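Summary of the model geometry
If you want the building blocks of each chain, they are given just below.
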Amino acid sequence: MSSATTPPDSDPTGRRRVHSMLKLYYGLNEEGTAAEQAESLDPCDINGPHFDPEVYLNKLRKECSLGELMDHESCMVKQIRSLDSDMQTLVYENYNKFISATDTIRKMKNDFKKMEDEMDCLSANMAAITEFSARISGTLQDQHAQITKLSGVHTLLRKLQFLFELPARLNKCLELQAYAQAVSAHRRARCVLQQYSHMPSFRGIQDDCHVIMEQLAQQLRQKFRDGGSSAKDLSECVELLLQLDEPAEELCDKFLSHAQSRLEADLQGLEVELKDSAVTDTDILEFIDRGCNEFVSSLCLVIASYQELFINRPQEGELASKNIPEMANGKLHVFVDTLAARYFSLVEQRIQEEKGVGDNSLLVRALDRFHRRLQAITKLLPGSAVPSHGTEIVVRAARERIKQYLSALQTFYHDSLTDVRQALAAPRLAVGGANATPSLPELLTSLSNFILNQLKSVLASVHLFTAKDITFSNKPYFKGEFCSQGVREGLVVSFIKFICQSSRQYCESAGDRGGSTPPALLLLLSRLCLDYETSTISYILTLTDEQFLVQHHTPVTPVTALCAEAREAAQKLLNHYVKVQGLIISQMLRKSVETRDWVNTIEPRNVRAVMKRVVEDTTSIDVQVGLLYEEGVRKAHSSDSSKRTFSVYSSSRQQIRYAPSYTPSAPMDTNLLSNIHKLFSERIDIFSPVEFNKVSVLTGIIKISLKTFLECVRLRTFGRYGLQQIQVDCHYLQMYLWRFVSDENLVHFLLDEIVGSAAHRCLDPSPMEQSVIEVICERG
Amino acid sequence: MEDDAPVIYGLEFQARALTAQTAETDAIRFLVGTQSLKFDNQIHIIDFDDENNMINKSVLLHDAGEIWHISGSPAEKAVLTTCYSKTSESRVLTCAAVWRMPPEWESGSHESPDDSSNNPQTLELLCHLDNTTHGSVACVLWEPMGDGKRVISLAENHVLLWDLQESSTKATISSSATLEGKGQLKFTAGKWSPHHNSTQLATANDTAIRGWDLRSMSQIYCIESAHGQLVRDLDFNPNKQYYLASCGDDCKVKFWDVRHINEPVKCLEEHSHWVWSVRYNHSHDQLLLTGSSDSRVILSNMVSISSEPFGHLVDDDELSDNEESQQEDKGKEPLQDSIIATYEEHEDSVYAVEWSAADPWLFASLSYDGRLVINRVPRALKYRILL
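Just so it is clear, the model here is predicted, and its values are computed rather than measured.

1. Describing the overall build of chain B
Counting its secondary structure elements, chain B contains five helices and 29 strands. Burial analysis of chain B (387 residues in total) assigns 57% to the buried set. The long-range fraction of contacts in chain B, counting pairs at least 24 apart against all pairs at least 6 apart in sequence, stands at 51%. Element-wise, carbon and sulfur atoms account for 44% of the exposed surface of chain B, whose accessible area totals about 15,800 Å².

2. A few points about the sheet that holds strand S8 (residues 91-100) of chain B
All names here are of chain B. What the four strands build is an open sheet, ordered S6-S7-S8-S10; its pairing is antiparallel. Lying at the two open borders of the sheet, with one neighbouring strand each, are strand S6 (66-72) and strand S10 (124-129). Going from strand to strand, the sheet's axes swing by 30° on average, the running direction of each strand aside. Sheet topology places S8 next to S10; five bridges connect them, and they run antiparallel. Looking across to S10, one finds that Arg100 is bridged to Glu124.

3. A word on the pairing of strand S17 (residues 208-213) of chain B
Residues and elements named next belong to chain B. Buried residues dominate S17, accounting for six of its six residues. Along S17, one buried face is formed by Ala208, Arg210 and Trp212 and the opposite face, lined by Ile209, Gly211 and Asp213, is buried too. In the sheet, strand S16 (residues 200-205) pairs with S17 via six bridges, with the strands oriented antiparallel. Bridging across to S17, Asn205 finds its partner in Ala208. The antiparallel hairpin formed by S16 and S17 contains two residues in its connecting segment, where Asp206 sits at a positive phi of about 50°. Across five bridges, the pairing between S17 and strand S18 (residues 218-223) is antiparallel. What sits directly across from Ile209, in S18, is Ile223. Between S17 and S18, which pair antiparallel one after the other, the connecting turn spans four residues, and Met217 there sits at a positive phi close to 50°.

4. Side note on the confidence of the model for chain A
Residues and elements named next belong to chain A. Looking at chain A as a whole, its pLDDT mean stands at 76, while 79% of the residues score no less than 70. In the predicted structure, residues 1-11 sits below a pLDDT of 50 and forms 12 contacts with residues beyond four places in sequence or in another chain. Across residues 429-436, confidence stays below pLDDT 50; counting only partners more than four residues off in sequence or on other chains, it has zero contacts.

5. Points about helix H19 (residues 694-714) of chain A
One full turn of an α-helix is made of 3.6 residues, so residues set three or four places apart face in the same direction. Residue and element names in this part refer to chain A. In this model, H19 (21 residues) spans 30 Å end to end at C-alpha, consistent with the 30 Å of a helix rising 1.5 Å per residue. Counting buried positions along H19 yields 21 of 21 residues, so the element is predominantly enclosed. For H19, the N-terminal cap is Asn693; the gap from its side-chain oxygen to the backbone nitrogen of Val695 is 3.4 Å.

6. Let's talk about the nonpolar core
Formed by 195 residues in total, the largest nonpolar core has its most connected members in Phe310, Phe335, Tyr343, Phe465, Phe482 and Phe709 of chain A. Counting residues domain by domain, this core receives three or more from each of domain 1 (402-581) and domain 2 (596-631 + 679-779) of chain A. Among all residues touching Phe335 of chain A, those that are not within four sequence positions of it are Leu256, Ala259, Gln260, Leu263, Leu299 and Val302 of chain A. Judged by nonpolar contacts, the second largest core, of 18 residues, contains Phe48, Ala364, Leu366 and Leu372 of chain B.

7. So, the environment of Ile70 of chain B
All names here are of chain B. Counting through the fold element by element, Ile70 comes out in strand S6. Ile70 gets classed as buried once you look at its relative accessible area, which sits at 3%. With residues near it in sequence (within four places) discarded, Ile70 still touches Ala17, Leu18, Thr19, Leu31, Gly33, Ile43, Leu80, Thr81 and Thr82.

8. Quick look at the packing of aromatic side chains
With the rule as written, the count across this model stands at 19 aromatic pairs over all chains. Site record: aromatic cluster; members linked through ring pairs are Trp274, Trp276, Tyr351 and Tyr368 of chain B. We note Arg527 of chain A situated over the ring of Tyr629 of chain A; from NZ or CZ to the ring centre the distance is 5.0 Å. The ring centre of Tyr243 of chain B lies 4.1 Å from the NZ or CZ of Lys240 of chain B, which sits over that ring.

Rules of the game
Residues numbered from 1 in each chain as written. Chains lettered and ligands numbered in written order. Predicted model: local features only at pLDDT ≥ 70, side-chain atom pairs only at ≥ 80, totals over all residues. Heavy atoms only, no water. Helix = DSSP H or I, 4+ residues; strand = E, 2+ residues; numbered from the N terminus. Buried < 20%, exposed > 50% of the residue type's maximum accessible area, 1.4 Å probe, protein only. Contact = heavy atoms within 4.5 Å. Areas by Shrake-Rupley, 256 points an atom, 1.4 Å probe, with all protein chains shown as cover. Pairing = 2+ DSSP bridges. Axes fitted to C-alpha atoms, helices over the stretch in contact; angles between N-to-C directions. pLDDT = per-residue confidence, 0-100. Expected span 1.5 Å × (residues − 1). Polar contact = N/O pair within 3.5 Å; in protein donor to acceptor, adjacent residues only side chain to side chain. Core = buried A, V, L, I, M, F, W, Y, C linked by side-chain atoms within 4.5 Å. Domains from an automatic or database assignment. Phe/Tyr/Trp six-rings, centres within 6.5 Å; stacked < 30°, edge-to-face > 60°. Lys NZ or Arg CZ within 6 Å of the ring centre and 35° of its normal.

This is the structure we're talking about:
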């Protein structure tokens, strides 16, 4: 029990607490719990349940020093004292409360005793009252039964009186035209009368009523038939008549026929306007407006009121069994369909009259209005075929429109070609004012711009059909087929095809009659088609696809096919141009060869005028083609192309055998050089397709001309000077023509052939000196 | 099966005139007339030996002038006519004459072919078709399938019908017609129709084709601007009496039904230069031969406008006899109008083409440089037509 022992004791506990906390933190709490248990079970814990004073005392005595024991003791005493006082206070309080409760209970006991007495008194009184009441009701019993009976008789009498008064009342109602009251009164009495009809008096009444009601019905029908009455009146009428067992079918029919007469008046009005439209010049929008406002709106009214009357009425009693709505609905559909059909035929007639393609917006607006108003009928009459018919009309109109636009484009194209033709013809008429007339490239650009602009404006017009604010634009037709089949195929592609086709026609029709189309136009069109092939077609189609958002559900003509067609047309036109121009020159050459007496001609002093003309014409063609087509490639020229000398074949005979399959024959007269040339040079196709450039075109023309010259020379016989004249002419041509062609050897070859053939066909072949020829040519 | 290669024969002179020996039906024989201003002109008689693919030739001298047109008599093998040009006093005139080949030419050529070419025999002149009053003769036409007594000559704008008498030694004009009109009219070609009992003639001048009735010597139809330019040649369909083919400088070959002259029945545009000659095959009129100055010869098969548009019609009896052939026939498709072949053996303008009179599957073409080419119809086609 030394004081020194306590600090080590307190130290380990403190350390253990920290330790246990750490353990607790790391989840190793077995020891912790054991410590707790030990604590709670500790007999030394003065507040614990297992406190053992002996042990505690012993412990204290063992552990503590005297001073500490003293302190402990005084502390203990202090605590005991305070606990004692606390206890005392609590006891006092409880005592007081107990006393007051006892007082209250005693008081209550007294009150209850008083109440018991009063209750007894009350029950006695109640018994007396019950007795009295039973007695009174017993005395009144008989009288009550009598009263009940009397009142029953009274009501019966009232009813009878009603019945007896009924005819009079009905009559009065009839006079006052209070039909509704009359009908309701009659309805009330009807069953009774029916039930007691075997009694003569009631029968009389019933008959009277019948007569009166008959009259009433008659009047109602009259009113119904008159039709001047308002819709409300009318519906009242119908309701009453239905209540009067009037057959509903008949009523429907009457109602409809009545409505029909009114609607027909509207239609006739439209018809008259349709006839007058040519005279009065009302536009289609006005017409459709009138149709919508008069016919369609009254039709809607009729449908609405009809449905109100016959279809949507609440079904009551026996009427429900007759299945009126179904029957009425059927009738209504037939009615609407027939009238709408007539209306549609009128509208279609009017639309067909709309041929001018100037303002498409008017038509589209008219169609839109037409379509929009028909939507009202859809709402009113869900199952009706009318709106779909209406849509069909719109679709047809749109199709028709596209066709009209196509033909308008075609006429426009023709017209512009006519303009171009006139412009081309103009310079020839007014030679002096040549600068006033537009040149070929200008004409070409203006033509293609005109066409493109026209096409664009047509596309814009047609585009109105698919505008967002147009009600029918979201119909599947306008979303799909209209764009792809209608606009793209029917309008744009057809137009391009038309251009190609009409161009080709120029080649064919002009072929026989020889130059009914001016060659310049052929050239222009060929360039136009070529431009189409290179750019315009794809531009137009892209434009169309963009504007109309074409979705290609159905197969459409691909751009490449169109381009190929355009290219083919361009090629054909250019070939034809070459042919026509070649022909003009050949014709000159042929005439010049055929009409001259070549045997008896004088010694050549000049180049013949026709050769100069040929060169002039070729030069002007060169200029013309150069305006529209690029130069093209040509083979390299020899340095002195114009100065080439002709080898005029002398009559030197050379023995040649140029193919082993030849039968041995006598010495040949044909010239070695010429034949070798032919063996190694490529075959010349005279009327062969040309390329899209100037040189190729010119080569084609010159080929045709010189070949003609050759063939004509071969048909003639020449004298000495005849041959010399040909020599001069050929040299002259040589001097000027080589520059136009792609391969000058071609010109050399053909001219050689000409001179050679002339030498062969010459009676006295003595060629002219080359120097003399050159002198003559340079002089001329 | 391989088609036989063409057989080529070269003349030493330029030539335009070619004809088959019309009366000869056994041997395949063509006559070619040469054109030379400086040397003596010749007529080459070309015999083709089909089996050995060989040519035998004989040369006869034609010293009257260069030959522009030649035509063999349909009745007598040895008789022929030529149109030749004669130069006298600086004037060139084309005359016509009837000739007879000397009887020995055939035997002579067989013994020593080389000798005969060196010492050619001369044609025997039977008579002149005197044309001094009518101008140059373009062509002479024999009466088709006639007895060789009647010929027509076309001289400038006159049609002259001649009667040959005293075994063709004397010719008299029996009737004539003259084409009147603006400008200088001149016949370029003509053809005597084998139909209607040989009473019709077709002529070409400039771009027009005219039909003539020989009994009244009057015009019966006229196809104005039948071609865009000059009409070069004509031929009658041998089996269809109203059908006529024409060709011209517009590179086209056109087929006409002379009852409907506004539009041609058909039009071919295959040549790239003037078409100088057109000939129907004598037996199978779907086969058509054209020669052009683009140096090509084209053989076309014009089934749709022929007399056998559906191919060879087989008799019903034959069919029932032979079931197999019927099956075969059904498998075949009918032939379409088409070009059968383009022959490019020539290197100069081809002015004349002619079918053989003896073998309907054989033809000759002549180009200006004197090259004669003998070709056959391709065998495949031949069998399709026959079977």
